[in-house]
There are 2 protein chains.
Amino acid sequence: MWPNRRLLDLLGIELPIVQAPMAGAQGAAMTIAVSSAGGLGSLPCAMLDEEKIRAAVSLIRQQTGNPFNMNFFCLRGDPATAADEARWKDRLAPYYSEAGLDSTAVAPAPHRRSFDEGLCAVVEETRPEVVSFHFGLPDAALLDRVKATGAHILASATTVAEARWLVEHGADAIIAQGYEAGGHRGMFLTRDITAQPGVMALTPQVVDAVDVPVIAAGGIADGRGIAAAFALGASGVQMGTAYLFTPEATISDIHRAALHSAADDQTVITNIFSGRPARGLINRIIREAGPIAPEAPPFPAASAALAPLKAAAEKAGSGDFSSLWSGQAAALARDLDAGELTRALASEASQRLALLAGV
Amino acid sequence: MWPNRRLLDLLGIELPIVQAPMAGAQGAAMTIAVSSAGGLGSLPCAMLDEEKIRAAVSLIRQQTGNPFNMNFFCLRGDPATAADEARWKDRLAPYYSEAGLDSTAVAPAPHRRSFDEGLCAVVEETRPEVVSFHFGLPDAALLDRVKATGAHILASATTVAEARWLVEHGADAIIAQGYEAGGHRGMFLTRDITAQPGVMALTPQVVDAVDVPVIAAGGIADGRGIAAAFALGASGVQMGTAYLFTPEATISDIHRAALHSAADDQTVITNIFSGRPARGLINRIIREAGPIAPEAPPFPAASAALAPLKAAAEKAGSGDFSSLWSGQAAALARDLDAGELTRALASEASQRLALLAGV
């Protein structure tokens, strides 16, 4: 039924749909729903501690015997300095004044953890069938331990050069993340967002460059996009924004409402919410301070100073300071639960593929 | 053989491939080769006067009875002022010094003409089967005259909003120009390049928004991309960069060599060569003054001050100041003549479509 079974056979899944791990926007419920439906559900772990990961995996294992994916960040580079954070606070000071907030208060920021010994030990203990990394790969010693568990390794490439690097360093399949994709870009060999390729151009070039299965991501939100990914030579797709419309997504009502009215030309890549480039719906803070703010401190420090502004605005029903992550195809999404969505997407895609050959 | 015949039936062509009109990079030879092969060859007219257009059409009509496309620009907005041009000259002055050139000399710039009475009269006289417009559409009075000749009207949309506008104003088919596309972006309702959608996201959203056939453009350079366009709901594709590799392209050896070594992440959208956003290979002047230079004067005035720098650099074998137009998929292109390429692309695409359904 599927024109290319490389990803299905590698991962032992039935449907060629990877649900994108979305830290802060979903937990085990979405993972369970997608994996139960035959796709690859993902559990984003970058904002969880060991105990929470163990609890989530326990829940997943109770509900499904199907493979699932555990996702981690690989963070390198120096963290933000006090001077970096002060510069950002200065840039945002007028908004603090406007909101009547004290800009000298220390704000708690959501924690984003890089893959480390402790998280590696949880992988060894919980043994997910698939482990995916964003922003490159961990050091060889840690990656070898993950591979020794038998887990298949997925990693995101935003260019052909990144895809080659990831395969050389141990990835078993490549997520070709096009410019269209919502949320954080996995880019790690370049910082230049102006030269990032769209998924139509990126996918076949990655397919030609590496020998492993390629998963197309970005701008895909219905069966047409899945069929197009196969046409380009991909063995499957990764979809995020489409799953933000499901009840399993733990996003705010503000974010959900913004997604429901999103058009094709209402997202940009911005660094203001975390310090790293990520695609989201254009709102006031992006319009006024972004989309790329030179004052934003290194990842993930930018979120700390925004947190009080976001909290105050959201309390008043406004998403002016919220990261409203979205790819460019939100308008193609529909309201279904995550299991139904996975099955509907697969069904649409296979009908589309049959139609293309006049079958 | 083709899953969607709407464009073929509308235009009376055999293969669903529109060769992108590329002003300054091709003439009638490419038009003839593509139309003779069964695709839609295009004659870019924005840099030609009436006599040259008549001569080109005469040549085309002698060589093929198949439909072809005549392309024009629709320019609105104020032209550059003397102050605009002086500011740009100032920005470029250090390069004039470096090259030993006199920056006060008046440089001849390539002419870019907006569609007007004179050009409309040539359309009425030569009666091309298809007329395409870039940067919107002409005023209703001129467009009505073109339509009265029986010509089918194509126009480029970079967003869903532009697609809707073009259909409301008389376009018979829409070219959905994704962010990946090389050369000038057809954008005319927005100036914001940061929110431009990729073709994977744009195509199905345009298909859903308008009732006319949609032609996908951007990042498509082989049969896989053509098959993907059909998967997304398009009725055909427009391809430019792939045709720059043919002997019919009249580009410089420097441009040709740059295209042959281009990777997926080596182009950006820049305004420095003309004043309007266009995608090309990154070179020295883009790196140092761009990609978006606030000092660049309105289209097409930016090219004038660059012309002497370009001429001097090219004489020394360098493309440092040349507009090396390219989309993001140059690495997928191959060296064939334009007729062979058209047939090879169609053959690859139809094989790919059959393969997708396991036929």
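Residues numbered from 1 in each chain as written. Chains lettered and ligands numbered in written order. Predicted model: local features only at pLDDT ≥ 70, side-chain atom pairs only at ≥ 80, totals over all residues.

Participant: Just checking my understanding: could you explain the overall build of chain A for this structure?
Facilitator: A tally of regular secondary structure across chain A gives 14 helices and eleven strands. In terms of overall dimensions, chain A has C-alpha extents of about 60 × 45 × 40 Å along its principal axes. Counting all 359 residues of chain A, 60% fall into the buried class. Considering only residue pairs separated by 6 or more positions, chain A has 69% of its internal contacts joining residues 24 or more positions apart. (Helix = DSSP H or I, 4+ residues; strand = E, 2+ residues; numbered from the N terminus. Buried ≥ 20, exposed ≤ 12 C-beta atoms within 10 Å, placed from the backbone. Contact = placed C-beta atoms within 7 Å.)

Participant: What is the right way to look at the sheet that holds strand S1 (residues 17-19) of chain A in this model?
Facilitator: Across a sheet, paired strands are connected by hydrogen bonds in the backbone, their directions being either parallel or antiparallel. All names here are of chain A. The eight strands are arranged S1-S9-S8-S6-S5-S4-S3-S2 in an open sheet whose pairing can be described as parallel. In the strand order of this sheet, the two ends are held by S1 and strand S2 (41-44), each with one partner. In this sheet, neighbouring strand axes are inclined to one another by 25 degrees on average, regardless of whether the strands run parallel or antiparallel. Where strand S4 (residues 130-134) and strand S5 (residues 152-157) come together, four bridges link them in parallel fashion. When the sheet's bridge partners are listed, Val 130 is paired in S5 with His 152. (Pairing = 2+ DSSP bridges. Axes fitted to C-alpha atoms, helices over the stretch in contact; angles between N-to-C directions.)

Participant: Can you walk me through the packing of helix H9 (residues 223-231) of chain A against helix H9 (residues 223-231) of chain B in this structure?
Facilitator: For any two helices packed against each other, the geometry comes down to the angle between their axes and how far apart the axes lie. Interhelical geometry of H9 of chain A versus H9 of chain B gives an angle of 170 degrees and a closest axis separation of 8 Å. Put simply, H9 of chain A runs roughly antiparallel to H9 of chain B. As for the relative orientation of H9 of chain A and H9 of chain B, their crossing is right-handed in sense. On H9 of chain B, the residues that touch Arg 224, Ala 227, Ala 228 and Ala 231 of chain A of H9 of chain A are Arg 224, Ala 227, Ala 228 and Ala 231 of chain B. Counted by class, the contact of H9 of chain A with H9 of chain B contains six nonpolar, no polar and two charged residues. (Parallel < 35°, antiparallel > 145°, perpendicular 65-115°, else oblique. Left-handed = near helix turned anticlockwise from the far one by under 90°. Nonpolar A, V, L, I, M, F, W, Y, C, P; charged D, E, K, R; others polar.)

Participant: Help me understand the domain arrangement of chain A, please; the structure alone is not making it clear to me.
Facilitator: Residues and elements named next belong to chain A. Taken domain by domain, chain A comprises domain 1 (1-75 + 112-248 + 337-359) and domain 2 (78-110 + 252-331). If you average the C-alpha positions of domain 1 and of domain 2, the two centres end up 26 Å apart. Taken residue by residue, the interface counts 21 residues in domain 1 and 17 residues in domain 2. Looking at the side of domain 1 that touches domain 2, its residues break down into ten nonpolar, eight polar and three charged. (Domains from an automatic or database assignment.)

Participant: Hey, could you run me through the interface of chain B and chain A in this one?
Facilitator: Frequently, the measure chosen for interface size is the accessible area removed from exposure when the parts meet. The partner chain A presents 51 residues to the 51 residues of chain B that form the contact. Elements with a minimum of two residues in the side of chain B that touches chain A: helix H7 (160-168), helix H8 (199-209), H9, strand S10 (267-270) and helix H14 (338-356) of chain B. Residue classes in the side of chain B that touches chain A are distributed as 30 nonpolar, 15 polar and six charged.

Participant: Where do I start with the confidence of the model for chain A in this structure?
Facilitator: The predicted coordinates of low-pLDDT regions are not to be read in fine detail. Residue and element names in this part refer to chain A. Averaged over every residue, the pLDDT of chain A is 96; residues scoring 70 or more account for 99%. At the level of individual helices and strands, chain A shows its lowest average pLDDT in helix H13 (residues 302-315), which scores 95, and its highest in strand S8 (residues 214-217), which scores 99. Across the assembled chains, the prediction reports ipTM 0.98 with pTM 0.98. (pLDDT = per-residue confidence, 0-100.)

Participant: Is there a simple way to explain the relation of the copies chain B and chain A in this structure?
Facilitator: For the pair of chain copies, the relating transformation is a rotation about an axis with a translation along it. After a rotation of 180 degrees and a shift along the axis of 0.0 Å, chain B superposes on chain A with an RMSD of 0.0 Å. Given the turn and translation reported, the copies of this chain are related as if by a two-fold rotation axis. Proximity to the rotation axis, assessed at the C-alpha, singles out Ala 228 of chain B in chain B; its C-alpha lies 2.0 Å from the axis. Both copies contact each other with a shared surface, as 100% of the interface residues of chain B are interface residues in chain A too. (Least-squares fit on C-alpha atoms with pLDDT ≥ 70 in both.)

Participant: Would you mind going over the packing of H9 of chain B against H14 of chain B with me for this structure?
Facilitator: All names here are of chain B. Following both chains from N to C, one finds H9 and H14 inclined at 55 degrees, their axes separated by 7 Å at the closest point. By the angle between their axes, H9 is oblique relative to H14. Read as a crossing pair, H9 and H14 show a hand that is right-handed. Contacts from Gly 223, Arg 224, Ile 226, Ala 227 and Phe 230 of H9 reach H14 at Leu 345, Glu 348, Ala 349, Gln 351, Arg 352, Leu 353 and Leu 356. Residues belonging to the contact of H9 with H14 are distributed by class as follows: seven nonpolar, two polar and three charged.

Participant: Help me understand the environment of Leu 143 of chain B in this model?
Facilitator: Residues and elements named next belong to chain B. Position of Leu 143 relative to the elements: it lies in helix H6 (residues 140-148). The sequence separation of Leu 143 and Ala 171 amounts to 28 residues, and the corresponding C-alpha distance is 9.5 Å. Beyond its immediate stretch of four places on either side in the chain, Leu 143 contacts Leu 137, Pro 138 and Gly 170.

Participant: Would you take a moment to explain the sheet that holds strand S6 (residues 173-177) of chain B for this structure?
Facilitator: All names here are of chain B. With parallel pairing, the eight strands of this open sheet are ordered in space as S1-S9-S8-S6-S5-S4-S3-S2. If you trace the sheet from one side to the other, it starts and ends with strand S1 (17-19) and strand S2 (41-44), each paired once. Recorded for the sheet is a direction-independent mean angle of 25 degrees between the axes of neighbouring strands. Packed on one face of the sheet, helix H2 (residues 28-37) meets S1, S2 and strand S3 (68-73) and runs near 165 degrees to S2.

Participant: Help me understand the nonpolar core, please; the structure alone is not making it clear to me.
Facilitator: Nonpolar side chains in soluble globular proteins tend to end up buried together. Core analysis: the largest hydrophobic core is formed by 258 residues, its most contacted members being Ile 174, Ala 176 and Ile 215 of chain A together with Ile 174, Ala 176 and Ile 215 of chain B. With sequence-adjacent residues up to four places away left out, Ile 174 of chain A is seen in contact with Ala 155, Ala 157, Ala 163, Leu 166, Val 167, Val 206, Val 210, Val 212, Val 214 and Ile 215 of chain A. (Core = buried A, V, L, I, M, F, W, Y, C linked by C-beta atoms within 7 Å.)

Participant: What exactly am I supposed to notice about the environment of Val 199 of chain A here?
Facilitator: Inspection of the secondary structure puts Val 199 of chain A in helix H8 (residues 199-209). A C-alpha to C-alpha distance of 22 Å links Val 199 of chain A and Leu 341 of chain A, two positions 142 residues apart in sequence. Setting aside residues no more than four positions away along its own chain, Val 199 of chain A makes contact with Ala 176, Gly 178, Glu 180, Ala 216, Ala 217, Gly 218 and Gly 219 of chain A together with Gly 198 and Met 200 of chain B.

Participant: Sorry, what's going on with unusual backbone geometry here?
Facilitator: Negative phi characterises most residues that are not glycine, and trans characterises most peptide bonds. In this structure, Pro 300 of chain A follows Phe 299 of chain A across a cis peptide bond, with omega equal to -5 degrees. By the element assignment, Pro 300 of chain A lies in the loop between helix H12 (284-289) and H13. Cis geometry is adopted by the peptide bond preceding Pro 291 of chain B, which originates at Gly 290 of chain B and carries an omega value of 0 degrees. By secondary structure assignment, the location of Pro 291 of chain B is in the loop between helix H12 (284-289) and helix H13 (302-315). Of note, Arg 127 of chain A is a non-glycine position whose phi angle comes to about 50 degrees, a positive value. By secondary structure assignment, the location of Arg 127 of chain A is in the loop between helix H5 (117-126) and S4. One non-glycine residue, Phe 135 of chain A, lies in positive phi territory at about 70 degrees. Here Phe 135 of chain A is to be found in the loop between S4 and helix H6 (140-148). On the basis of neighbour counts, which here come to 22 C-beta atoms within 10 Å, the residue Phe 135 of chain A falls in the buried class.

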